[in-house]
Amino acid sequence: MVRIWAKVMKEEKIIKDTIFEDLENNFDSDNFFNYVASICETIDIATPVILNKHLLHYVEFNTAIFLPSDFPEEVDFDRFVIEEASNY
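Participant: I'd love a proper account of the pattern of salt bridges, names of residues and values included.
Facilitator: Counted by the stated rule, this structure contains 3 salt bridges. For the salt bridge of Glu83 with Lys7, the shortest nitrogen-to-oxygen distance reads 3.1 Å. Taken as a pair, Glu83 in strand β4 (residues 79-84) and Lys7 in strand β1 (residues 2-10) lie far apart in primary sequence, 76 residues in all. The exposure class assigned to Lys7 is buried, which follows from its relative accessible area of 11%. For Glu12, the salt bridge identified is with Arg79, shortest N-O distance 3.2 Å.

Participant: Go over the packing of aromatic side chains with me, naming the residues and quoting the values.
Facilitator: In this structure the tally under the stated criterion is 7 aromatic pairs. Judged by centre distance (5.6 Å) and plane angle (35°), the rings of Phe66 and Phe80 are tilted. With Phe66 in strand β3 (residues 63-66) and Phe80 in strand β4, this residue pair connects regions lying 14 residues apart in the sequence. Taken together, the aromatic side chains of Phe20, Phe27, Phe32, Tyr35 and Tyr58 make up a single cluster linked through ring pairs. Over the ring of Trp5 we find Lys7; its NZ or CZ atom is 4.4 Å from the centre of that ring.

Participant: Account for helix α1 (residues 32-43), with residues named and values stated.
Facilitator: Since there are 3.6 residues in each turn of an α-helix, residues three or four apart along the chain are aligned in direction. Its 12 residues place the ends of α1 17 Å apart at the C-alpha level, agreeing with the 16 Å of an ideal helix rising 1.5 Å per residue. Those residues of α1 that fall on the buried side of the exposure criterion are Phe32, Tyr35, Val36, Ala37, Ile39, Cys40 and Ile43. Those residues of α1 that are buried lie in contact with β1, β2 (13-22), α2 (52-61) and β4. Trailing α1 by a residue or two, Asp44 shows a phi angle of about 60°, which is positive.

Participant: Quick rundown of the side chain of Glu83? Include the residues and the values.
Facilitator: We classify Glu83 as buried; its relative accessible area is 14%. There is a polar contact of 3.1 Å between the side chain of Glu83 and the side chain of Lys7.

Participant: Got a sec to walk through the pairing of β3? Specific residues and values, please.
Facilitator: Alternating positions in β3 separate cleanly, Ala64 and Phe66 being buried on one face and Thr63 and Ile65 remaining unburied on the opposite face. Sheet topology note: the β3/β4 ladder contains 4 bridges and is antiparallel. Note on β4: the bridge partner recorded for Ile65 is Val81.

Participant: An account of the nonpolar core is requested, with residue identities and associated values reported.
Facilitator: Counting 21 residues, the largest nonpolar core has Ile4, Ile39, Ile45, Phe71, Phe77, Phe80 and Ile82 as its most contacted members. For this core, the secondary-structure elements that each account for two or more residues are β1, α1, β3 and β4. Among the elements that line this core, the one with the most residues is α1, at 6 residues.

Rules and cut-offs
- Residues numbered from 1 in each chain as written.
- Predicted model: local features only at pLDDT ≥ 70, side-chain atom pairs only at ≥ 80, totals over all residues.
- Heavy atoms only, no water.
- Salt bridge = Lys/Arg side-chain N within 4 Å of Asp/Glu carboxyl O.
- Helix = DSSP H or I, 4+ residues; strand = E, 2+ residues; numbered from the N terminus.
- Buried < 20%, exposed > 50% of the residue type's maximum accessible area, 1.4 Å probe, protein only.
- Phe/Tyr/Trp six-rings, centres within 6.5 Å; stacked < 30°, edge-to-face > 60°.
- Lys NZ or Arg CZ within 6 Å of the ring centre and 35° of its normal.
- Expected span 1.5 Å × (residues − 1).
- Contact = heavy atoms within 4.5 Å.
- Polar contact = N/O pair within 3.5 Å; in protein donor to acceptor, adjacent residues only side chain to side chain.
- Pairing = 2+ DSSP bridges.
- Core = buried A, V, L, I, M, F, W, Y, C linked by side-chain atoms within 4.5 Å.

Printed below as a string of structure tokens:
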């Protein structure tokens, strides 16, 4: 099962959030881009450029943080955070 809580943060406040779920499959790092792209489409933000550090942080620490510099276009928030939500 894959459950990811995604939060769009501005000035330390959550301005958008969602839970992504794939109850049929276990987490697969090869699908990380697809998870993030689906989340971004759901909350109507651009999909960030995903670097190895994002995937490694998610795999090792169950969280990844994307900054405005990680997006190909200008965004109006400070951080986009995803974290494992299996305990929520």
